[in-house]
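Observations on chain architecture
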Amino acid sequence: MTYNLTQGKIAKSLIGFSLPMICGNILQQFYNVADTLIVGRTIGATALSAVGSSYALMVLLTSLILGLCMGSGVVFSQLWGAGRKDEMKTCIFNGLIFIFAVTVVINILSFLLLENFIVWLNIPAQAVEFTRDYLRVIFTGIIFVYIYNFFASVLRSVGSTLVPLIFLAVSAVLNIVLDIVFIVSFSMGVEGAALATVIAQAVSAVAITIYFFLKGRDICPAKTHMHLGKRYIKMILSNSLLTAIQQSVMNLGILMVQGLVNSFGFAVSAAFAAVVKIDAFAYMPAQDFGNAFSTFVAQNYGAGKKNRINQGYKTAILISSVFCAVSSACVFIFASPLMQLFVKAEEAEIISIGVGYLRTEGACYVGIGILFLLYGLYRSIGKPSISLVLTVISLGLRVALAYILSAIPEFGIMGIWISVPIGWVIADIFGMVLYRIKREKYLPKEA
């Protein structure tokens, strides 16, 4: 169940390790895409707007959890690469308890602040009730998001990416089936879409937990490892807190953009709900490749293989850039048919707005692909603060430019769209130049 990334051909190792992650997260997108597609085609554009806004909020609420899981996974990878298995098992136990406590707090706050979220997001009046009904159900699944992602991060830290893929595949298919049953057959509306997602999340969480404790004996904590310690919590926090903040900052910026988008009215809000899902499919593989690269770097960092990290960096940029260029070409060419998957053909205004977004932002996926690699690189060499800085640069510029340019009549909503790639490019330049200057200092001496 493990994968040693400190040996073998770099390109083959990166691609072989990342493919299950890419397939898995493409399947994971079916959670939200199935909701969006079926809701938009069966209930209507108003419900589509509600689900889209809810998705942006859920991404923000779970970003702290996902960031903690990702950051702790770096610690696990470094310990695994260094051969410190007992210490790794104790860290796994401490991470399990600590991130669970954070998840409970977030879950409670999400219910308490439900009405405030609706106001802060500038939800169009006709979509408020749909949004409230959807969120009340979807919030119950936050605990399952934590369980699945924590154990998935543990498995991936030792090179096992196939197992999380299998459980996601099952839950993704289940989510689609339940969407059809609850929405089409039982006419449960947006609540049915949310319930389908929560049940699917629960299945993947329970399945991966059972697998970990039954099959993951070489990494599963024993009784001797089950004790809390400040040292282990500190190890996890030092690598994961800034990653969690980075994820939160990233998604807070996206949520601010969502609020700005909603202020332009119902048609723009509905279009944005669809293009966000198309985006997720288009550059999700690049994001997963960046996460795979993070594990590659972490294992080699723990093993003291500086030259392999540098070679992997160059190889990863080339692979990611080629993929993103192909993805951009596909989105640009098929922008209109992609929009019509989510919106009925007669909703011409919504389709036109979405096509404008996809042919502006979607043409520049190479920028976000490189940025994902830089996030993974700095996170894995113990410099998560730089990943946070890159996020602030990228999202800060995006939000600032979106508000400034959209207020200029000549730009309007196009100002929101063009702000995205500008933020990516500036952050890429900063991150790549910094690594070129500081890599001798940042990387360990060759073992």
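Everything discussed here concerns the structure shown above.
The structure contained in this document is the topic of the report that follows. (Residues numbered from 1 in each chain as written. Predicted model: local features only at pLDDT ≥ 70, side-chain atom pairs only at ≥ 80, totals over all residues. Heavy atoms only, no water.)

The helix and strand tally for the chain stands at 16 helices and zero strands. Computed over its C-alpha atoms, the radius of gyration of the chain comes to 21 Å, within 12% of the 22 Å expected for a compact globule of 447 residues. Residues classed as buried in the chain amount to 59% of the 447 residues present. Taking as baseline every contact in the chain between residues at least 6 positions apart, the subset at least 24 positions apart corresponds to 83%. Roughly 17,200 Å² of accessible area belongs to the chain as shown, and the carbon and sulfur atoms make up 69% of that amount. Here the chain carries 30 positive and 19 negative side-chain charges, and the mean point of each set is 17 Å from the other. (Helix = DSSP H or I, 4+ residues; strand = E, 2+ residues; numbered from the N terminus. Rg over C-alpha atoms; globule rule 2.2 N^0.38 Å. Buried < 20%, exposed > 50% of the residue type's maximum accessible area, 1.4 Å probe, protein only. Contact = heavy atoms within 4.5 Å. Areas by Shrake-Rupley, 256 points an atom, 1.4 Å probe, with all protein chains shown as cover. Lys, Arg positive; Asp, Glu negative; His and termini not counted. Charge placed at Lys NZ, Arg CZ, Asp CG, Glu CD.)

The full count for this structure, using the stated rule, is five salt bridges. Two residues, Arg-84 and Glu-87, come together in a salt bridge whose shortest N-O distance is 2.9 Å. Residue Arg-84 is classed as partly exposed on the basis of its relative accessible area of 39%. Residue Glu-87 pairs with Arg-231 through a salt bridge whose shortest N-O separation is 2.4 Å. Taken together, the positions of Glu-87 in helix H3 (residues 85-112) and Arg-231 in helix H9 (residues 230-263) put the pair 144 residues apart, joining distant regions of the chain. (Salt bridge = Lys/Arg side-chain N within 4 Å of Asp/Glu carboxyl O.)

Let's shift gears to empty space enclosed by the protein. Summed over all chains, the structure comprises two cavities of 30 Å³ or more. Taken as a whole, the second largest cavity spans an internal volume of roughly 80 Å³. Met-70, Gln-247, Met-250, Gln-287, Gly-290, Asn-291, Phe-372, Tyr-375, Gly-376 and Arg-379 together form the lining of the second largest cavity. Elements with a contribution of two residues or more to the lining of the second largest cavity: H9, helix H10 (266-302) and helix H14 (365-380). In terms of residues, the lining of the second largest cavity owes the most to one element, H14, which gives four residues. In terms of residue class, the lining of the second largest cavity is built from four nonpolar, five polar and one charged. (1 Å grid on protein atoms, 1.4 Å probe; cavity = no way out; pocket = protein on both sides within 12 Å on 5 of 7 lines; lining within 4 Å. Points joined across faces, edges and corners; volume = space filled by probe spheres on them. Nonpolar A, V, L, I, M, F, W, Y, C, P; charged D, E, K, R; others polar.)

Turning our attention to the packing of aromatic side chains. Under the definition given, this model contains 22 aromatic pairs. Summarising the aromatic geometry, the rings of Phe-117 and Trp-120 are spaced 5.8 Å apart at their centres and angled 70° between planes, so their arrangement reads as edge-to-face. Of this pair, Phe-117 and Trp-120 both sit in helix H4 (residues 114-120), separated by three residues, roughly a single helical turn. On the accessibility criterion, Phe-117 (9% relative accessible area) is buried. Here Phe-212 and Phe-213 contribute two aromatic rings whose centre-to-centre distance is 5.2 Å and whose plane-to-plane angle is 85°, an arrangement assigned as edge-to-face. By way of ring pairs, the aromatic residues Phe-76, Phe-100, Tyr-146, Phe-150, Phe-151, Phe-212 and Phe-213 are connected into one cluster. One residue, Arg-359, lies across the ring of Phe-332, its end atom 5.4 Å from the ring centre. (Phe/Tyr/Trp six-rings, centres within 6.5 Å; stacked < 30°, edge-to-face > 60°. Lys NZ or Arg CZ within 6 Å of the ring centre and 35° of its normal.)

Bringing the environment of Leu-377 into the picture now. Turning to its location among the elements, Leu-377 is positioned in helix H14. Take Leu-377: its relative accessible area is 0%, and that puts it in the buried class.

What follows deals with the packing of H3 against helix H6 (residues 142-157). Two elements in contact, H3 and H6, have axes whose closest approach is 9 Å; the angle formed by their N-to-C orientations is 155°. In terms of their interaxial angle, H3 and H6 are classed as roughly antiparallel. For the element pair H3 and H6, the recorded crossing hand is right-handed. Touching Met-88, Ile-92, Gly-95, Leu-96, Ile-99, Phe-100, Thr-103, Asn-107 and Ser-110 of H3 are Ile-142, Ile-143, Tyr-146, Phe-150, Phe-151, Val-154 and Ser-157, all from H6. Its residues assigned to classes, the contact of H3 with H6 comprises eleven nonpolar, five polar and no charged. (Axes fitted to C-alpha atoms, helices over the stretch in contact; angles between N-to-C directions. Parallel < 35°, antiparallel > 145°, perpendicular 65-115°, else oblique. Left-handed = near helix turned anticlockwise from the far one by under 90°.)

At Ser-187, a residue that is not glycine, the phi angle is positive and equals roughly 50°. Topologically, Ser-187 is positioned in the loop between helix H7 (162-185) and helix H8 (189-215). The exposure class assigned to Ser-187 is exposed, which follows from its relative accessible area of 60%.

So, about the nonpolar core. Counting 70 residues, the largest nonpolar core has Phe-293, Met-339 and Tyr-378 as the members making the most contacts within it. By residue number, the principal contributor to this core is H10, which donates 18 residues. Setting aside residues up to four positions removed in sequence, Met-339 forms contacts with Ala-271, Ala-274, Val-275, Ile-278, Ile-350, Ile-351, Gly-354, Val-355 and Leu-358. Judged by nonpolar contacts, the second largest core, of 61 residues, contains Leu-121, Phe-139, Ala-152 and Ile-219. (Core = buried A, V, L, I, M, F, W, Y, C linked by side-chain atoms within 4.5 Å.)

Let us now look at the layout of surface pockets. Taken as a whole, the largest pocket spans an internal volume of roughly 340 Å³. Lining the largest pocket are 18 residues, with Leu-57, Leu-60, Leu-61, Leu-113 and Phe-117 sitting closest to its centre. Looking at the lining of the largest pocket, the elements that each hand over two or more residues are helix H2 (45-81), H3, H4 and H9. Of the residues assigned to the lining of the largest pocket, the class counts are 14 nonpolar, four polar and no charged. Quantified by volume, the second largest pocket comes out at close to 260 Å³. Considering the residues around the second largest pocket, the lining is formed by 15 residues, among which Ile-278, Phe-281, Ala-282, Val-331 and Leu-338 are closest to the centre. Taken together, the elements giving at least two residues each to the lining of the second largest pocket come down to helix H1 (10-43), H10, helix H11 (306-333) and helix H12 (335-342). With five residues, H11 is the single largest residue contributor to the lining of the second largest pocket. Of the residues in the lining of the second largest pocket, the class split is 14 nonpolar, one polar and no charged.

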